[in-house]
Amino acid sequence: MGLPVGTIVLILVAVLVFFGVLHRVLDRMRLSDRAALVIIIAMAAGTFLNFGISGSIPIRVNVGGALVPLAVIIWLVATAHEASEKTRAILSAIITGVVVWGLSKVMNPEEQFMRVSPMLLFGVAAGIIAALSGRSRRAAFVGGVGGILLSDVFHLIELTVTGTPGSVFFGGAGAFDATVIAGVLAVGLMEFVGEAREHMVKTPKGEREQD
Amino acid sequence: MTVALLAFAYYNYGPVWRRASAPGMEGSLERSDGYFTVQDENARTLFTTGHMVTVGDEFIDENDVRYIVERVSGDVATARAVGKMEALPPLPFVSAQAGQGENTGSVGIYHTHSDESYEPTEGTSSVEGRGGVLSVGKAMAQTLDEKGIEAIHDDTLHGPHDAGAYDRSRRTATQLLKQKPLALFDVHRDAGPAEPYLKDVDGNDVARCMIVVGRTNPKMSANLDFARRMRDAVNAQTPGLVKGIFLGNADFNQDLYDRALLLEVGTEKVSREAAERGISLVAAAVPRLLGTTTGQPGLGGGTGKAIGWLLGLAVAGTFVYLWIATGSWEEMKAKILGWFGTGGVRIGGRRRDGGSGEA
């Protein structure tokens, strides 16, 4: 199809920057550089892999957009030091999932009414809610990613309960899937809040609160 | 917090019959099942549509005259003609076999609103799970196949018809794009009276089509370029079949691809058979359309803007990355200055917290 070379280079730069941010986000959660890189490669390569679960409601699961992030958040919850953080991470995911699913119900279905593109809206909303409710980088990431995955589970439950014909697709919109946006934004917000708080209270260097 | 967020969302994005908050529509209430009539300054109807119409939306008619919506009052919008669009540049390297029916690649078809139906045929305007619009997409695919173009018709259901539909269909569109189609069509039907959307072709009622381009997406110019070429290719074969191009205040997942378009085929008041005939005639012109664009750079007139967007995003993203990587504005500044001063910077190197990355 022949995209201009300049455009290809710019797209590559944008994707690399995005992956760079994602890499940093994973790195912030006690993952080694190598582990973070492996996860990103698995997410990127996994976007080309789907598997279906047949039934009355067809379900498609994207490996890179759903399974890999799911494995990461399970690992994060399992290795959290404190029980309270585990609880907060899980609660954050549930709250985020409910709100994101709720947003799709209360908002007008016509896209022109949305002042933020749906591509961003659900990811951004999930990121903000997860950051607010998780209150730590780890819990925020679990809340953001888990919340979007849970909102799809709620969609599945809705279709089942109401008998509405439909299908459910976990992940699958690539690097800019709401799942990925939510996780990156949630941790980014925690970083931002942490920085802002540090500057406001002027904590002496080296005594910055690690949350 | 959750309740407050939901209330905020409902207030800002809630159903049209609750609150019409778009600029120029203050105080007006709209029906969820209504439609807009868009008129020019002389009260001549340009088109009717079930799409939300807001100030700043645009319409480009069959003759390439561009209108900008300046006022919306109730169900009536007034648009001012701003003149003819600049002529599309001729495309170099036009295939010598353009329009001869050769296999020029594949075309993707999907349906964000898979419930949309046609009342005269299906008895209702919405049938979850088997909307008439799926048959219209199938008719398009059949015609494309007959013309030698591989049609990938994805009939994934994205219901219910709620605010999550475009988010769900984005995943379908992304998967379709992995098959590298030459064009991607999201096939819908519009809402409103039948008459403006009907045309007589050889004694048969045929549903007309309106192309919709999202004017908030970064690839808008490229999408519009492709839409204008499509309108001209279709109307050259069947005059007046494409009513025009509506530029609405959304992106319709068209940011994914410069040749992604939304097609409105008839309204709920036309029969499904008329819609199938209409889309078949539209599809019959696609070889001509793709023949004239195959081998082109692909971004058409929107290349500059698309690059601008990407450049802006890349610069903003770089700053965010640097900020996260260094940990503070001061360190970021020092790194950037050091970059110029010493000729290198190690992004993501030292962290102030000792590198533990503690969560």
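Quantities reported herein were computed from a predicted structural model and do not represent experimental measurements.

Reading the values: rules and limits
- Residues numbered from 1 in each chain as written.
- Chains lettered and ligands numbered in written order.
- Predicted model: local features only at pLDDT ≥ 70, side-chain atom pairs only at ≥ 80, totals over all residues.
- Heavy atoms only, no water.
- Pairing = 2+ DSSP bridges.
- Helix = DSSP H or I, 4+ residues; strand = E, 2+ residues; numbered from the N terminus.
- Axes fitted to C-alpha atoms, helices over the stretch in contact; angles between N-to-C directions.
- Contact = heavy atoms within 4.5 Å.
- Salt bridge = Lys/Arg side-chain N within 4 Å of Asp/Glu carboxyl O.
- Buried < 20%, exposed > 50% of the residue type's maximum accessible area, 1.4 Å probe, protein only.
- Phe/Tyr/Trp six-rings, centres within 6.5 Å; stacked < 30°, edge-to-face > 60°.
- Lys NZ or Arg CZ within 6 Å of the ring centre and 35° of its normal.
- pLDDT = per-residue confidence, 0-100.
- Core = buried A, V, L, I, M, F, W, Y, C linked by side-chain atoms within 4.5 Å.

> Explain the sheet that holds strand β2 (residues 59-62) of chain A here, please?
In a beta sheet, neighbouring strands are held together by backbone hydrogen bonds and run either parallel or antiparallel to one another. Read from one edge to the other, the open sheet built from 3 strands follows the order β1-β2-β3 (chain A), with strand pairing classed as mixed. Looking along the sheet, the strands with just one partner apiece sit at the ends: β1 (50-53) and β3 (168-170) of chain A. Between one strand and the next, the sheet's axes are offset by a mean angle of 20°, whatever the strand orientation. As defined by bridge partners, β1 of chain A adjoins β2 of chain A across 4 bridges and the pair is classed as antiparallel. Considered in β2 of chain A, the bridge of Gly52 of chain A is made with Arg60 of chain A. Its contacts with the sheet put helix α6 (residues 137-162) of chain A on β2 and β3 of chain A, and the angle it makes with β3 of chain A is roughly 165°. On top of the sheet, helix α4 (residues 165-177) of chain B reaches β1, β2 and β3 of chain A; it is set at about 70° to β3 of chain A, its chief contact.

> Explain the pattern of salt bridges to me, please; I cannot follow it from the model alone.
Pairing between side chains of opposite charge can happen when their charged atoms approach one another. Counted according to the given criterion, the structure contains 17 salt bridges over all chains. As a salt-bridge pair, Arg168 of chain B and Asp162 of chain B come within 2.8 Å of each other at their nearest N and O atoms. Across this residue pair, the class does not change: Arg168 of chain B and Asp162 of chain B are buried. In this structure, Arg231 of chain B and Asp232 of chain B form a salt bridge, with 2.9 Å as the shortest nitrogen-oxygen distance. Its relative accessible area of 35% is what places Asp232 of chain B among the partly exposed residues. Here the residues in one salt-bridge network are Lys105 and Glu158 of chain A together with Asp162 and Arg168 of chain B, joined through shared partners.

> Which parts of the structure should I look at to understand the packing of aromatic side chains?
Working definition: an aromatic ring pair is given by the centre-to-centre distance plus the angle between the planes. Overall, the coordinates contain 3 aromatic pairs over all chains when judged by the stated rule. Considering the side-chain rings of Tyr166 of chain B and Phe252 of chain B, the 5.8 Å spacing of their centres and the 55° angle between planes classify their relative orientation as tilted. A residue pair is termed long-range when its members are at least 10 positions apart, and Tyr166 of chain B in helix α4 and Phe252 of chain B in the loop between β12 (242-248) and β13 (260-267) qualify at 86 residues. With a relative accessible area of 2%, Phe252 of chain B lands in the buried category. Among the aromatic residues, those joined into a ring-pair cluster are Phe47, Phe59 and Phe246 of chain B. When the ring centre of Phe48 of chain A is taken as reference, the NZ or CZ atom of Lys178 of chain B above it lies at 5.0 Å.

> Looking at this structure, how should I read the confidence of the model for chain B?
Regions with low pLDDT carry predicted coordinates that are not meant to be interpreted in detail. All names here are of chain B. In this model, chain B carries a mean pLDDT of 79, and residues with pLDDT of at least 70 account for 70%. Per-element confidence in chain B ranges from a low mean pLDDT of 46 for helix α1 (residues 2-13) to a high of 98 for helix α6 (residues 272-284). Taken as a whole, residues 93-104 scores under 50 in pLDDT and shows 23 contacts with residues more than four places along the chain or in a different chain. Residue range residues 292-303 is modelled with pLDDT below 50. Its contacts to residues more than four positions away, or to other chains, number 34 contacts. Reported for the predicted complex are a pTM of 0.75 and an ipTM of 0.73.

> Looking at this structure, I do not really get the nonpolar core. What am I missing?
Proteins that are soluble and globular tend to have nonpolar side chains buried together. Residue and element names in this part refer to chain B. Ranked by size, the top nonpolar core spans 48 residues in total, and within it Val107, Met140, Leu144, Phe185, Met230, Leu263 and Val265 carry the most contacts. Here the element with the most residues in this core is helix α5 (residues 220-237); it accounts for 7 residues. In this structure Val107 touches Leu144, Ile149, Glu150, Ala151, Ile152, Pro181, Ala183, Phe185, Val286 and Leu290, once residues within four positions along its chain are discounted.

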